[in-house]
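Fold and contact review
For reference, the chains in residue letters:
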Amino acid sequence: MTPVPEDTAGRFGDRVRISESYGETTLDVADPGDWIDVLTALRDSGYVFFDWLTGVDEPPETFTVVAHLYDPAACRRLLVRVSVPRADPRLPSAVGVYRGADWHERETYEMFGVVFDGHPNLVPLLLPDGFEGHPLRKDFVLAARVAKAWPGAKEPGESGHGSPSRRKTLPPGVPADWGAAPDA
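1. Considerations on the overall build of the protein
Looking only at helices and strands, the protein has four helices and seven strands in total. Counting over 184 residues, the protein shows a buried share of 35%. When the accessible area of the protein is evaluated, it comes to approximately 10,600 Å², of which 53% is carbon and sulfur surface.

2. With respect to unusual backbone geometry
Omega for the peptide link from Pro59 to Pro60 comes to 5°, which places this bond in the cis form. With respect to the element layout, Pro60 can be found in the loop between strand E3 (49-58) and strand E4 (62-71). Positive phi outside glycine occurs at Cys75, with the angle close to 55°. Topologically, Cys75 is positioned in the loop between E4 and strand E5 (76-85). Given a relative accessible area of 57%, Cys75 falls into the exposed group.

3. Examining the nonpolar core
Ranked by size, the top nonpolar core spans 30 residues in total, and within it Val29, Trp35, Val38, Leu39, Val65, Leu69 and Val80 carry the most contacts. Those elements giving two or more residues to this core turn out to be strand E2 (24-29), helix H2 (35-44), E3, E4, E5 and helix H3 (101-112). Per-element accounting of this core gives the leading share, five residues, to H2. If near-sequence neighbours (up to four positions away) are discounted, Val38 is found in contact with Phe12, Val16, Leu27, Val29 and Val80.

4. Things to note about H3
What sets the pattern is the α-helix's 3.6 residues per turn: residues three or four places apart point alike. Here H3 is 12 residues long and its end C-alpha atoms lie 16 Å apart, about the 16 Å a rise of 1.5 Å per residue gives. Across the 12 residues of H3, nine count as buried, placing the element largely inside the fold. Within the span of H3, buried status applies to Ala101, Asp102, His104, Glu105, Arg106, Thr108, Glu110, Met111 and Phe112. The inward-facing, buried residues of H3 abut E3, E4, strand E6 (90-92) and strand E7 (115-117).

Rules used throughout
- Residues numbered from 1 in each chain as written.
- Predicted model: local features only at pLDDT ≥ 70, side-chain atom pairs only at ≥ 80, totals over all residues.
- Heavy atoms only, no water.
- Helix = DSSP H or I, 4+ residues; strand = E, 2+ residues; numbered from the N terminus.
- Buried < 20%, exposed > 50% of the residue type's maximum accessible area, 1.4 Å probe, protein only.
- Areas by Shrake-Rupley, 256 points an atom, 1.4 Å probe, with all protein chains shown as cover.
- Core = buried A, V, L, I, M, F, W, Y, C linked by side-chain atoms within 4.5 Å.
- Contact = heavy atoms within 4.5 Å.
- Expected span 1.5 Å × (residues − 1).

Printed below as a string of structure tokens:
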């Protein structure tokens, strides 16, 4: 496990938890209010390269925001995570600490709906104008799978020839209350 600078771990005490997750040293920030202070302390202790930031949908209660940092002098990587409540997903913007967080926070805002307070330009980045919803949330309905059937026969008998078809099922990502799958 890659060591976290002692001054960072000691400064925040039980407000951060250090563990190993998927082979990476991980620092979990307990309070979203400490997010910027922890990132600043890590930057000042050598983690000067900001690699990426994204969200993880953790239903039913939270979103987790994950940042990947790198210390080029010591060749150390670090995942930094913080959870925000699903009811009001807000986190202070890290753009003042790592300029490279700008694009990543905009993407996370657009795809998950996490608001980064203090971001200099928190506007949609990837999706077309007028797009509604946050497509990387697990409760986002993949309506295109219902609106347009996949071409060709999917199961024996669906082509209108031969044996009778099996029970039609909904494609993955389509809620059960949308009814039966459309005919091919």
